[in-house]
Amino acid sequence: MAEAYVQVTTTTDSRKEAAELARSAVTGRLAACAQLVGPIASTYWWEGEIESAEEWMVLFKTTTDCFEDLAAQITEQHSYDTPEIIATPVVAGSAEYLSWVREQTTEAPLGQEGV
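In the nomenclature of an unreviewed UniProt entry, the protein chain corresponds to Periplasmic divalent cation tolerance protein from the organism Actinoallomurus bryophytorum. Regarding the protein chain, the UniProt comment filed under Sequence similarities (unreviewed entry) reads as follows: "Belongs to the CutA family."

Moving on, we come to the overall build of the protein chain. In terms of regular secondary structure, the protein chain is built from three helices and four strands. The order of helices and strands in the protein chain, counted from the N terminus, is β-α-β-β-α-β-α. With the C-alpha coordinates of the protein chain rotated into their principal frame, the extents come out at 50 × 30 × 20 Å. Looking at the protein chain as a whole, 34% of its 115 residues are labelled buried. Summing over all exposed atoms, the protein chain offers an accessible surface of approximately 7,000 Å²; the carbon and sulfur share of this is 52%.

The next point concerns the pairing of strand β1 (residues 5-12). Extensive coverage of β1 is indicated by the burial of seven of its eight residues. As judged from the eight bridges shared by β1 and strand β3 (residues 49-63), these two strands associate in the antiparallel manner. From the neighbouring strand, Gln7 faces β3, where its bridge partner is Lys61. Two elements, β1 and strand β4 (residues 86-89), share four bridges in a ladder whose sense is antiparallel. Residue pairing for β4: Thr9 is matched across the bridge by Ile86.

As a further point, take the packing of aromatic side chains. Tallying each qualifying case throughout the model produces one aromatic pair. With 5.5 Å between their ring centres and 40 degrees between their planes, Tyr97 and Trp100 make a pair best called tilted. Of this pair, Tyr97 and Trp100 both sit in helix α3 (residues 95-106), three residues apart, which is roughly one turn of that helix. We classify Tyr97 as partly exposed; its relative accessible area is 36%.

We now examine the pairing of β3. Note: strand β2 (residues 33-46) against β3, 12 bridges, orientation antiparallel. Of the residues in β3, the one forming a bridge with Tyr44 is Glu51.

Its 13 residues give helix α1 (residues 15-27) an end-to-end C-alpha distance of 18 Å, which sits within 8% of 18 Å, the value for a rise of 1.5 Å per residue. Those residues of α1 not exposed but buried are Glu17, Ala18, Leu21, Ala22 and Ala25. End-on, the buried residues of α1 take up no more than an arc of 135 degrees, which puts them together on one face. Among the exposed residues of α1, those pointing more than 90 degrees away from its buried face are Lys16 and Arg23. Of the surrounding elements, those touching the buried residues of α1 are β1, β2, β3 and α2 (64-77). One or two positions beyond α1, positive phi appears at Arg29, with a value near 60 degrees.

The rules behind these values
Residues numbered from 1 in each chain as written. Predicted model: local features only at pLDDT ≥ 70, side-chain atom pairs only at ≥ 80, totals over all residues. Heavy atoms only, no water. UniProt positions renumbered as here; feature names shortened; annotations may be inferred. Helix = DSSP H or I, 4+ residues; strand = E, 2+ residues; numbered from the N terminus. Buried < 20%, exposed > 50% of the residue type's maximum accessible area, 1.4 Å probe, protein only. Areas by Shrake-Rupley, 256 points an atom, 1.4 Å probe, with all protein chains shown as cover. Pairing = 2+ DSSP bridges. Phe/Tyr/Trp six-rings, centres within 6.5 Å; stacked < 30°, edge-to-face > 60°. Expected span 1.5 Å × (residues − 1). Arc of directions from axis to C-beta. Contact = heavy atoms within 4.5 Å.

Structure below.
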């Protein structure tokens, strides 16, 4: 597998924000696909206290070439001060699917075709 692919994960406190992050990344061709999972129960340290919250997870399917721009977009649009942005390498996958991910993330963003 010559190309490098990653699954990028973030979480947020609402389905609406998760859907907006997903749509923005796919529209901008920074991810070929984004899946929403939730609600999920999260327990974590924040400002010296243990917190628990209901969150929504977004899983972005993309390439390592797109990671920095996707991470910047998530950070800019996210409501959290410190959003989770984790890239997990795809070590193997269907050649057809990975080819599709590459194609979808190298085409022009929606509305910018031919620019």
